[in-house]
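The lines below spell out each chain.
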Amino acid sequence: MSEKNAIKALRDLGLTEYEARVYTALTRLKAGIASEIHQISGIPRPAVYGALKRLVMRGIVEVQPSKPMKYRVTDPAAALERLKSSFMTDAEAALHALEEVYSADSSGREEEMGIWVHQGAGRVYEKVMEVISGAERDILIINPSLLESLGGLYNIFSHVNDAIRNALGRSISIRSVSSEDTPSLDIPGIERRIYPWSEKGICAMIPDRGDVLVIVSGEQSVMAITTGDALSRMYRDLGEALWRASVNTPTDVPRMAQNTDGFKSKY
């Protein structure tokens, strides 16, 4: 079982199946020739030579120029560090290439209208933090009490308020519209308003740039959606309309309750 785990771990670090099996077999031998490695690993002999050549190039196998050639592994700890370093270098190169593709001119593409679904508390939390950290000027949060409720259910959401404070420290304007008589997110610097509605399980986070995030929470689950560019603009327009219709003091709520249907029919 440990040998299977070793092979899997080596594959996770970027080795091919044959390379991982040859290296593991050679680790058992300490040093050996290709025919011995072939017998232990069960890999076809021609494939053993190819795997050994690549392992030598990776710097984790040494070769003795004898007849027949003899091979031995380097110290496993040193080999692991070399593989980890190579893996991270390759990953960073891949990320750089992908970022170039992602940032390429998209003027000829059709405008994206779809939505993307994110399941689970961890993924939703990541998207919340992306919205907060990615805003340049402003974030409008509708029904922020849901964020505080999630903080009581999932520990990771306890960091959201700190992220909001950091955003305020970066001169990001943060506004909230709450359905409660006492607005939530009692953080100095947030401009808070109230608006009467009954839906408690939905929160919208609308930044000045990037996707709009809509969080939906049930009794035992949480999910979120992010919108494409065109839908984001629509949500921003709706959010700003709601902000303009909201009020600063609880005393205005009864008057506004009479106009709630009118607001819904208009938008």
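Residues numbered from 1 in each chain as written. Predicted model: local features only at pLDDT ≥ 70, side-chain atom pairs only at ≥ 80, totals over all residues. Heavy atoms only, no water.

1. Details of the sheet that holds strand E4 (residues 115–119)
Read from one edge to the other, the open sheet built from seven strands follows the order E4-E10-E9-E8-E5-E6-E7, with strand pairing classed as mixed. The strands lining the two open edges of the sheet, one partner per strand, are E4 and strand E7 (191–194). Ignoring strand direction, the axes of neighbouring strands in this sheet form an average angle of 15°. (Pairing = 2+ DSSP bridges. Helix = DSSP H or I, 4+ residues; strand = E, 2+ residues; numbered from the N terminus. Axes fitted to C-alpha atoms, helices over the stretch in contact; angles between N-to-C directions.)

2. Here's the deal with the pattern of salt bridges
What the rule picks out here adds up to 17 salt bridges. Between Lys127 and Glu130 there is a salt bridge, with the nearest N and O atoms lying 2.8 Å from each other. Taken together, the positions of Lys127 and Glu130, both in helix H6 (residues 121–134) and three residues apart, correspond to about one turn of that helix. Exposure remark for Lys127: the relative accessible area of 12% places this residue in the buried category. Judged by its relative accessible area of 40%, Glu130 falls in the partly exposed class. Asp162 is paired through a salt bridge with Arg165; the nearest N and O atoms lie 3.2 Å apart. You can see Asp162 and its partner Arg165 sitting in helix H8 (residues 160–169), three residues apart, about one turn around the helix. Linked by salt bridges that have partners in common, Glu136, Arg137, Asp208 and Arg209 make up one network. (Salt bridge = Lys/Arg side-chain N within 4 Å of Asp/Glu carboxyl O. Buried < 20%, exposed > 50% of the residue type's maximum accessible area, 1.4 Å probe, protein only.)

3. Quick look at the packing of aromatic side chains
Considering all chains together, one arrives at two aromatic pairs under this definition. A ring pair is formed by Tyr125 and Phe157, whose centres lie 5.7 Å apart and whose planes are at 75°; its orientation type is edge-to-face. Here Tyr125 is found in helix H6, whereas its partner Phe157 is found in the loop between helix H7 (145–153) and H8, with 32 residues between them in sequence. Assessed through its relative accessible area of 3%, Phe157 is described here as buried. Aromatic side chains Tyr154 and Phe157 sit 6.2 Å apart centroid to centroid with 50° between the ring planes, which places their arrangement in the tilted category. (Phe/Tyr/Trp six-rings, centres within 6.5 Å; stacked < 30°, edge-to-face > 60°.)

4. Overview of the nonpolar core
Among the nonpolar cores identified, the biggest contains 28 residues, and Val128, Ile132, Ile141, Ile164, Met205 and Ile215 are the most heavily contacted of them. Those residues in contact with Ile141 that lie beyond four places of it in its chain are Leu147, Ile164, Ile174, Arg175, Ser176, Val177, Leu185, Cys203, Ala204 and Met205. If you look at the next biggest cluster of nonpolar residues, it comprises 22 residues, including Leu10, Ala20, Ile43 and Val73. (Core = buried A, V, L, I, M, F, W, Y, C linked by side-chain atoms within 4.5 Å. Contact = heavy atoms within 4.5 Å.)

5. Things to note about the confidence of the model for the chain
Across the chain, the average pLDDT comes to 81, with 85% of residues at 70 or higher. For the chain, helix H11 (residues 260–266) is the element with the lowest average pLDDT, namely 38, and strand E5 (residues 138–142) is the one with the highest, namely 94. Contacts from residues 251–267, a stretch scored under 50 in pLDDT, to residues over four places away or in other chains number 20 contacts. (pLDDT = per-residue confidence, 0-100.)

6. Thoughts on the sheet that holds strand E2 (residues 61–64)
Pairing is antiparallel in the open sheet, where three strands are placed in the order E1-E3-E2. Bordering the open sheet on either side are strand E1 (31–33) and E2, each of which pairs with just one other strand. On average, adjacent strands in this sheet sit at an angle of 30° to one another, irrespective of strand direction. Across four bridges, E2 lies against strand E3 (residues 70–73) in antiparallel orientation. The partner of Val63 across the bridge, within E3, is Tyr71.

7. Things to note about the packing of helix H3 (residues 34–41) against helix H4 (residues 45–58)
Where H3 meets H4, the axes come as close as 9 Å, and the angle between the chain directions of the two elements is 110°. Taken together, the axes of H3 and H4 lie roughly perpendicular to each other. Relative to H4, the crossing made by H3 is right-handed. Residues Ala34, Ser35, Ile37, His38 and Ser41 of H3 touch H4, and the partners they reach there are Arg45, Val48, Tyr49 and Leu52. Considering only residue class, the contact of H3 with H4 consists of five nonpolar, three polar and one charged. (Parallel < 35°, antiparallel > 145°, perpendicular 65-115°, else oblique. Left-handed = near helix turned anticlockwise from the far one by under 90°. Nonpolar A, V, L, I, M, F, W, Y, C, P; charged D, E, K, R; others polar.)

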